[in-house]
Amino acid sequence: MKFLDEAKVYIRSGDGGAGSVSFRREKYIEFGGPDGGDGGRGGDVWVEAVDGLNTLIDYRFQQHFKAKTGVHGMGRNRTGAGGDSVTLKVPAGTQIFEEDNETLICDLTEVGQRYRLAAGGNGGFGNAHFKSATNQAPRHANPGLEGQEKNIWLRLKLIADAGLVGLPNAGKSTFLAAVTRARPKIANYPFTTLHPNLGVATIDGREFVLADIPGLIEGAHEGVGIGDRFLGHVERTRVLLHLVSALEEDVAKAYTTVRRELEAYGQGIAEKPEIVALSQVDVVDADSRAEKVRALKQAAGRAPYEISAITSEGMTGALRALRDIIVSAQADGTALTPDKDDADR
């Protein structure tokens, strides 16, 4: 399945049915009077967050959604049936914007949430509605009201507990594949990951969701490389795991480059709790490893975890650190970076 996190669609609610002009005509009944029924209400357009979806790919192939028109009223005081509504099914985490792509209509963060995007038009009154003491045989009825129509934008921001950030080839996809059942593409060249990946990690019996986004490079906030368009998928996370590869010549520069891009993006990402890890430590010698750990510690202001997804070194400690922050945030809405336990490295 291909990944699509933004789509523009056209929606239109149904018109109301017209009221009926009718008179009762039966044998032996003189002056039967008006009996025209009202028109039915037009169908609505709804959006609903459903389980089992993690992309907006369906809206690449269908961009027009129209609800049904209400049925017209009929004689014998028969009211027309309401038109069928249309429901756009989207993944949890989808935001709906007006056509300007800036005005937020709704934000569906939980499965089962629904929102009416366009209300159907009311049905028109039949001539029976207008009968009065001074007008006992009205010969007019109302047409149904028109439905609403507009273009809207759907924008998906994945809902995950923790997000993986770093330069290209920092080992994010390898980390995700090692601790979850996700199978992202892994290769030895930049931008192997072209779209976000999700996986469920388990540590000490507790599960949490990890999001891996394409690597950031200097100038990403200005559109360099893949840019920062996928950073929206880690806006909702409670903690970031910042991976810096031990293969980098200057690990301090690699760390600060990504931090600058997070700060330039804004939206509170740079203020999120962060766990720093030196990845791929199995491919460097002991002296080089110690030197890179010192440099990264100085740049980040804290001792980094030393991890290897291939040998599993340090993986348990990093996962437990992520878990602790997530549990703390779930408990009281705050998230503070815990002290690093050397025994968990």
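Residues numbered from 1 in each chain as written. Predicted model: local features only at pLDDT ≥ 70, side-chain atom pairs only at ≥ 80, totals over all residues. Heavy atoms only, no water.

**Student:** Just checking my understanding: could you explain the overall build of the protein for this structure?
**Tutor:** The helix and strand inventory of the protein stands at 5 helices and 14 strands. Each of the 345 residues in the protein was classed as buried or not, and the buried ones make up 48%. In the protein, once contacts between residues fewer than 6 apart in sequence are set aside, the share between residues at least 24 apart is 73%. As presented, the protein carries roughly 17,400 Å² of accessible surface, and 46% of it is formed by carbon and sulfur atoms. (Helix = DSSP H or I, 4+ residues; strand = E, 2+ residues; numbered from the N terminus. Buried < 20%, exposed > 50% of the residue type's maximum accessible area, 1.4 Å probe, protein only. Contact = heavy atoms within 4.5 Å. Areas by Shrake-Rupley, 256 points an atom, 1.4 Å probe, with all protein chains shown as cover.)

**Student:** It is not clear to me how the confidence of the model for the protein should be interpreted in this structure. Could you clarify?
**Tutor:** Where the model shows low pLDDT, its predicted coordinates should not be examined in detail. Of the residues in the protein, 88% reach a pLDDT of 70 or more, and the chain-wide mean stands at 86. A low-confidence stretch, residues 334–345 stays under pLDDT 50, and its non-local contacts, those more than four residues away or across chains, total 24 contacts. (pLDDT = per-residue confidence, 0-100.)

**Student:** Got a minute to help me understand the nonpolar core in this structure?
**Tutor:** Grouped burial of nonpolar side chains is what soluble globular proteins tend to show. Ranked by internal contacts, the top residues of the largest apolar core, which has 50 residues, are Ile-11, Val-47, Tyr-59, Leu-88, Ile-96, Ile-152 and Leu-262. When residues of this core are assigned to their parent elements, the largest contribution, 5 residues, is made by helix α3 (residues 251–265). When sequence neighbours within four positions are dropped, the list of residues in contact with Val-47 reads Leu-88, Val-90, Ile-96, Cys-106, Leu-108, Gln-113, Arg-114, Tyr-115 and Leu-117. (Core = buried A, V, L, I, M, F, W, Y, C linked by side-chain atoms within 4.5 Å.)

**Student:** Sorry if this is basic, but what is going on with the pattern of salt bridges here?
**Tutor:** When the charged atoms of two side chains with opposite charge come close together, those side chains can pair. Across all of its chains, the model carries 18 salt bridges by this definition. Residues Glu-48 and Arg-114 are paired through a salt bridge, measuring 3.5 Å at the closest nitrogen-oxygen approach. Remark: Arg-114 occurs in strand β7 (residues 114–118) and Glu-48 occurs in strand β2 (residues 45–50); sequence separation between them is 66 residues. Close ionic contact of Lys-157 with Glu-235 constitutes a salt bridge, the shortest N to O distance being 2.9 Å. Of this pair, Lys-157 sits in the loop between β8 (149–156) and β9 (162–165) while Glu-235 sits in the loop between β11 (206–212) and β12 (239–245); the two residues are 78 residues apart in sequence, bridging distant segments of the chain. Each member of the pair, Lys-157 as well as Glu-235, carries the same accessibility label: buried. (Salt bridge = Lys/Arg side-chain N within 4 Å of Asp/Glu carboxyl O.)

**Student:** Please clarify how the environment of Ala-137 should be interpreted in this entry.
**Tutor:** With respect to the helices, strands and loops of the structure, Ala-137 is situated in the loop between β7 and β8. Overall, Ala-137 belongs to the partly exposed group, its relative accessible area being 39%. Along the backbone, Ala-137 and Gly-33 are 104 residues apart, and their C-alpha atoms lie at a distance of 6.1 Å.

**Student:** Which parts of the structure should I look at to understand the sheet that holds β12?
**Tutor:** Strand pairing in a sheet relies on backbone hydrogen bonds, with the paired strands running either antiparallel or parallel. Taking strand neighbours across the sheet as the criterion, the 6 strands line up as β10-β11-β9-β12-β13-β14 in an open arrangement whose pairing is mixed. Looking at which strands have only one partner, the edges of the open sheet turn out to be β10 (197–203) and β14 (305–306). Bridging between strand β13 (residues 274–279) and β14 involves 2 bridges; their strand directions are parallel. Among the inter-strand pairings, Leu-278 is bridged to a residue of β14, identified as Glu-306. Running over the sheet, helix α4 (residues 286–300) touches β12, β13 and β14 and is turned about 160 degrees from β13. (Pairing = 2+ DSSP bridges. Axes fitted to C-alpha atoms, helices over the stretch in contact; angles between N-to-C directions.)

**Student:** Please clarify how the pairing of strand β5 (residues 94–97) should be interpreted in this entry.
**Tutor:** A regular strand places its side chains on the two faces of the sheet in alternate fashion. Neither face of β5 is exposed, since Thr-94 and Ile-96 on one face and Gln-95 and Phe-97 on the opposite face are all buried. Of the pairings in the sheet, the one linking β5 to strand β6 (residues 104–108) comprises 4 bridges and is antiparallel in character. Opposite Ile-96, over in β6, you have Cys-106 as the bridge partner. What sits between β5 and β6 in their antiparallel hairpin is a turn of 6 residues, with Asn-101 showing a positive phi close to 65 degrees. In terms of strand pairing, β5 meets β8 through 4 bridges, oriented antiparallel.

**Student:** Explain the environment of Pro-34 to me, please; I cannot follow it from the model alone.
**Tutor:** Note on placement: Pro-34 falls in the loop between β1 (6–12) and β2. For the pair Pro-34 and Gln-136, spaced 102 residues apart in sequence, the C-alpha separation works out to 7.7 Å. Among all residues touching Pro-34, those that are not within four sequence positions of it are Ser-22, Phe-23, Asn-127, Ala-128, Lys-131, Gln-136 and Pro-138.

**Student:** Sorry, what's going on with the side chain of Ser-13 here?
**Tutor:** Assignment of secondary structure puts Ser-13 in the loop between β1 and β2. For Ser-13, a relative accessible area of 1% gives the class buried. Of note is the side chain of Ser-13, whose polar atom sits 2.8 Å from the backbone oxygen of Ala-119. Of the polar contacts made by the side chain of Ser-13, one reaches the backbone nitrogen of Gln-148; its length is 2.6 Å. In contact with Ser-13, not counting residues within four places along its chain, are Gly-43, Asp-44, Val-45, Ala-67, Ala-118, Ala-119, Gly-120, Gly-147 and Gln-148. (Polar contact = N/O pair within 3.5 Å; in protein donor to acceptor, adjacent residues only side chain to side chain.)

**Student:** Got a minute to help me understand the packing of aromatic side chains in this structure?
**Tutor:** The geometry of two aromatic rings is summed up by the distance between their centres and the angle between their planes. In this structure the tally under the stated criterion is 2 aromatic pairs. Aromatic pair Tyr-59 and Phe-65: ring centres 5.7 Å apart, planes at 55 degrees, arrangement tilted. Per residue, the accessibility class of Tyr-59 equals that of Phe-65, and both read buried. For the ring pair Phe-125 and Phe-130, a centre distance of 6.4 Å and an interplane angle of 80 degrees mean the geometry is edge-to-face. Of the residues examined, Phe-125 reaches a relative accessible area of 34% and is grouped as partly exposed. Positioned above the aromatic ring of Trp-46, the side-chain terminus of Arg-114 is 4.3 Å from the ring centre. (Phe/Tyr/Trp six-rings, centres within 6.5 Å; stacked < 30°, edge-to-face > 60°. Lys NZ or Arg CZ within 6 Å of the ring centre and 35° of its normal.)

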